[in-house]
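# A look at the structure
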Amino acid sequence: MILPALCANCRDPISGKNILCRRCSESVIIRRSPVHLSDHGILFSATDYADPSVRGLLKELKYNGFLAATVPLVEMAVKHLTISGFISRLPRNKDIFLVPVPVHMIKKWKRGFDQAEEMAKLIGKELSVPVIRALKRRKWTVPQSDIKDNDFRELNIKGCFGLTKRSKAISKGSIIIIFDDIVTSGATMKEAGRIIRSLRPSKIFLVSVASR
Ligand SMILES: [Zn+2]
């Protein structure tokens, strides 16, 4: 017997390969402009993390290991990157690389994949930009979402990234797009950016699917 699939948000039965029902999928508000990350610059973030449909998809992905949930999340990101003018204004006269913010190896191994990396691959395809796993986690950290205090978030993430051997493929003066699925305080993006800056890029862009 084949059971009908259920919407990741409202649990209504759905057909085909969809993960959200049409109503929930259409209810997601995609931002038209980037958001300001206090002192960390601007972030091209597709939607609000508080949106129940987005949370439903992220939950399927992170806790149920449902990799197909990356597809609608990436669609949201690409839609935002299109309507905000990010894609049309991306300078194509320089090398451009997409760098996902990695989860810890143990987490990747337990889940079977790294969600930001999987989403970056799909976004890279849409943007025709190669994905380079230039960053690695050097230490185990408490999930940023479990920490309420912003200063402690910065301390938690400090020194947690390093460069991989693959990062050597990124030449000086390139444009680097750092991608993470969710951005909360921006502390992780800030730390990732700090390490990425040592590659001497001409410009760094920050992109995420959802943010607070
Ligand atoms: Zn629904």
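Residues numbered from 1 in each chain as written. Predicted model: local features only at pLDDT ≥ 70, side-chain atom pairs only at ≥ 80, totals over all residues.

### Points about the overall build of the chain
- When helices and strands are counted, the chain shows 8 helices and 9 strands.
- The globule rule puts the C-alpha radius of gyration for 212 residues at 17 Å, and the 17 Å found for the chain is close to it.
- Referenced to the eigenvectors of the C-alpha coordinate spread, the extents of the chain come out at roughly 55 × 35 × 30 Å.
- For the chain, with 212 residues in total, the buried portion stands at 38%. (Helix = DSSP H or I, 4+ residues; strand = E, 2+ residues; numbered from the N terminus. Rg over C-alpha atoms; globule rule 2.2 N^0.38 Å. Buried ≥ 20, exposed ≤ 12 C-beta atoms within 10 Å, placed from the backbone.)

### Looking at the packing of helix α3 (residues 70-83) against helix α6 (residues 115-127)
- The N-to-C vectors of α3 and α6 enclose an angle of 50 degrees; their axes lie 10 Å apart at closest approach. For the element pair α3 / α6, the angle class is oblique. Relative to α6, α3 is oriented so that their crossing is right-handed. On the side of α3, the interface is formed by Thr70, Leu73, Val74, Ala77 and Val78, while α6 contributes Gln115, Glu118, Met119, Leu122, Ile123 and Glu126.
- Taken together, the residues that form the contact of α3 with α6 break down as 7 nonpolar, 2 polar and 2 charged. (Axes fitted to C-alpha atoms, helices over the stretch in contact; angles between N-to-C directions. Parallel < 35°, antiparallel > 145°, perpendicular 65-115°, else oblique. Left-handed = near helix turned anticlockwise from the far one by under 90°. Contact = placed C-beta atoms within 7 Å. Nonpolar A, V, L, I, M, F, W, Y, C, P; charged D, E, K, R; others polar.)

### Some details on the packing of helix α7 (residues 150-157) against helix α8 (residues 187-196)
- Running from amino to carboxyl end, α7 crosses α8 at an angle of 35 degrees, the nearest separation of the two axes being 9 Å. The element α7 and its partner α8 pack so that their crossing is right-handed. Counting all contacts with α7, which are made through Asn150, Arg153, Glu154 and Ile157, the residues of α8 involved are Ala187, Thr188 and Glu191.

### Describing the environment of leucine 57
- Positionally, leucine 57 belongs in helix α2 (residues 52-63).
- Spatially, the C-alpha atom of leucine 57 lies 9.7 Å from that of valine 71, the residues being 14 residues apart in sequence.
- In contact with leucine 57, other than residues within four places in its own chain, are Ala8, Ile19, Leu20, Ala69, Pro72 and Leu73.

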